[in-house]
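Listed below are the residues making up each chain.
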Amino acid sequence: MKELICNLHLHSTYSDGTGDYRSITQAALKTEVDVIILTDHNILVKGLEGYHRDQGRQVLVLTGEEVHDQNRVPQKNHTLVIGAEKEMAGFAHDPQTLINEVSRAGGLSFLAHPYEFDLPMIHEPDISWVNWEVDGFTGLELWNGLSEFKTVVRSLRDGIKYLFLPEMMAHGPLKPALAKWDELLNSGRRVNVVGGSDAHAIKFQKAILKRTVFPYEFHFSAINNHLLVEEGLSGSLALDKAVIYEALRRGSSFIGYDLPAPTRGFRFVIDDDDNEYQPGDVFTMKDGATARVNLPENANIRFIHNGKVISEQKNTNRLTCSITQPGVYRVECSLYFLGEERGWVYSNPIYVKPGSKRLTL
Ligand SMILES: [Zn+2]
Ligand SMILES: [Zn+2]
C-alpha cells in the first residue's frame, strides 16, 4: 500500500480565497502534500489541473467546487463536489438534486462543515448542513480547519490568540459531527469522511495589525487526508485522478492532523488467515479475525464499534483487538500538543458483515 497525502477544500482568487493557483501550488510544494484539490465557491475552474515539480517535490493540482444555494438566507448546505468534471452550481437550489446529479456525473459529494458555530463578533452566521433528509452523498467533511475558528473563538482575545498562534486552534472534529457520522453508519449507510482545510488565506488588517489568517502553507501542514492506494502517482492525469477519486469514494483513507506529528504510517487493518482489510473494505466475519492498529508514534487510541468505544489504550503505538461481532469499526487517535489533548487521526471504517453460521457438533 502506498500513502498519498491529499489536502482538499481550498479557495483561490476564483472565489473568496486570496491566493491564485500558482501561489497555492508553490505553498503546497513546500510541504509534504502530494495532491491538492481546489474547490472554489460555485465555479468549476477549468484547465488548471496538472503536476508541478520543484527541487525533487511533486504536487498534483486538481479542481472540484463547493456548491451552495446563494439565494438561501443564511447560506447553509455547502457541498464539496469532486470528480464530477462538469459545472454543478446550477443544481444548488435543491441539495438532493445536486447530490443526485453529482452522482449521475460520476462525482463525489461531501457535506461540508456539517456542524459549526456562528461568530457574532464578525457577523458570521453558522452555515451548517440542515437538510439531513438527503441520501446518496459520498460522505461528510468531518473536520474543517477554518470552521473550527468559529468554534474556538468566543471573544476578541481568543480571535487575536488564534490569529497569531494558529497552531493552538485545532482540537478535533466537533462532537455533533462525530455523533451524526456514527448515527448514519449505524443506520446501515456507507458514509466516508474527509478532513477539509477551507483555506482562504484571508488578509486581515486593523490599524497596525496586519496578518494573513491561516496561510495556505499552514493548512497543508495541518488537516490532511491520507489516501491508501495500490501504487503511487503514475504521471498520467486521467489515471491518477481515477485512483485518487476512487480512494475518496471508498473511504480508503484516514484524516490525519499532521501538525503535532506526521500521521504518515498510521495503519488500521482487520486480518484473518487469508486476507488483510483496510478502511473502506467490507469484510465477512470469520473466526480468528483480528483488528490491528499501528501508529508512527505513541498516542491515545480509541477502537470504536458501531459508535461505541470497545477498547482504549493510552500512550501506545499499537492496539490489537479480536473481531467477534459484525458492524462498523473505526479508529480515533489523540495526543497532547501545546498543553491540550487534540484529535490526531480519524480512520474511515472497515465494514464487517455477518458470516455464515458454523455447525457445532
Ligand atoms: Zn463552505
Ligand atoms: Zn469553503
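Shown above is the structure to which this text applies.
Rules and cut-offs
- Residues numbered from 1 in each chain as written.
- Chains lettered and ligands numbered in written order.
- Predicted model: local features only at pLDDT ≥ 70, side-chain atom pairs only at ≥ 80, totals over all residues.
- Heavy atoms only, no water.
- Donors = N, O, S within 2.8 Å, 3.2 Å for Na, K, Ca; no water.
- Helix = DSSP H or I, 4+ residues; strand = E, 2+ residues; numbered from the N terminus.
- Pairing = 2+ DSSP bridges.
- Tetrahedral: all angles 85-135°; square planar, octahedral: opposite > 155°, others 65-115°.
- Buried < 20%, exposed > 50% of the residue type's maximum accessible area, 1.4 Å probe, protein only.
- Salt bridge = Lys/Arg side-chain N within 4 Å of Asp/Glu carboxyl O.
- Core = buried A, V, L, I, M, F, W, Y, C linked by side-chain atoms within 4.5 Å.
- Contact = heavy atoms within 4.5 Å.
- Patch = residues over 30% accessible without salt bridge, like charges linked within 9 Å, V, L, I, M, F, W, Y side chains within 5 Å.
- Areas by Shrake-Rupley, 256 points an atom, 1.4 Å probe, with all protein chains shown as cover.

### Looking at the coordination of the zinc ion (ligand 1)
Ligation of the zinc ion (ligand 1) by protein atoms is provided by E66 (OE), H78 (ND1) and H113 (NE2), these donors lying 2.1 to 2.2 Å from the ion. Here the donor residues of the zinc ion (ligand 1) are spaced in sequence according to E-x11-H-x34-H. The distance between the zinc ion (ligand 1) and the zinc ion (ligand 2) comes to 3.4 Å, with E66 serving as a donor to both metals. Taken as a pair, E66 in strand β4 (residues 57–67) and H113 in the loop between β6 (108–111) and β7 (139–144) lie far apart in primary sequence, 47 residues in all.

### Considering the pairing of strand β20 (residues 350–353)
By the bridge criterion, three bridges tie strand β15 (residues 282–284) to β20 in an arrangement that is parallel. Bridge pairing links F283 to V352 in β20. One ladder, built from three bridges, connects strand β18 (residues 327–337) with β20; its direction is antiparallel. In the sheet register, Y329 faces β20, and the bridge partner there is I350.

### Focus: the coordination of the zinc ion (ligand 2)
For the zinc ion (ligand 2), the full set of protein donor atoms is H9 (NE2), H11 (NE2), E66 (OE) and D198 (OD), at a range of 2.1 to 2.2 Å. Coordination geometry of the zinc ion (ligand 2): the four donor atoms subtend angles of 82 to 173° at the metal centre, consistent with an arrangement described as irregular. Going along the chain, you hit the donors of the zinc ion (ligand 2) in the pattern H-x1-H-x54-E-x131-D. Given the relative accessible area of 0%, H11 is considered buried.

### Points about the pattern of salt bridges
If you walk through the whole model with that rule in mind, you get 21 salt bridges. Note that E101 and R104 form a salt bridge whose closest N and O atoms lie 3.1 Å from each other. Placement of both E101 and R104 in helix α2 (residues 95–104) is noted, with a separation of three residues, approximately one turn of the helix. By relative accessible area, which is 17% here, E101 ends up buried. Owing to a relative accessible area of 67%, R104 belongs among the exposed residues under this scheme.

### Here we look at the nonpolar core
L140, F266, F268, I270, F303 and I323 are the most contacted members of the largest nonpolar core, which has 52 residues in total. Residue contacts for F266: discarding those within four places in its chain leaves F254, V293, N294, L295, P296, V331, C333, V345 and S347. One finds L4, I37, F110 and Y245 within the second-largest nonpolar core, a separate group that totals 20 residues.

### Points about a nonpolar patch on the surface
A grouping of M121, I122, L156, I160, F164 and L165 is seen on the molecular surface, where their side chains present a nonpolar patch of about 530 Å² in accessible area. Inspection of the secondary structure puts M121 in the loop between β6 and β7. Given the relative accessible area of 36%, M121 is considered partly exposed.

### So, the pairing of strand β13 (residues 267–271)
Of all five residues in β13, four are buried, a share of seventy percent or more. Note: β13 against strand β16 (residues 290–305), five bridges, orientation antiparallel. The residue of β16 that forms the bridge with D271 is T290. Here β13 folds back onto strand β14 (residues 276–277) in antiparallel fashion, the turn holding four residues.

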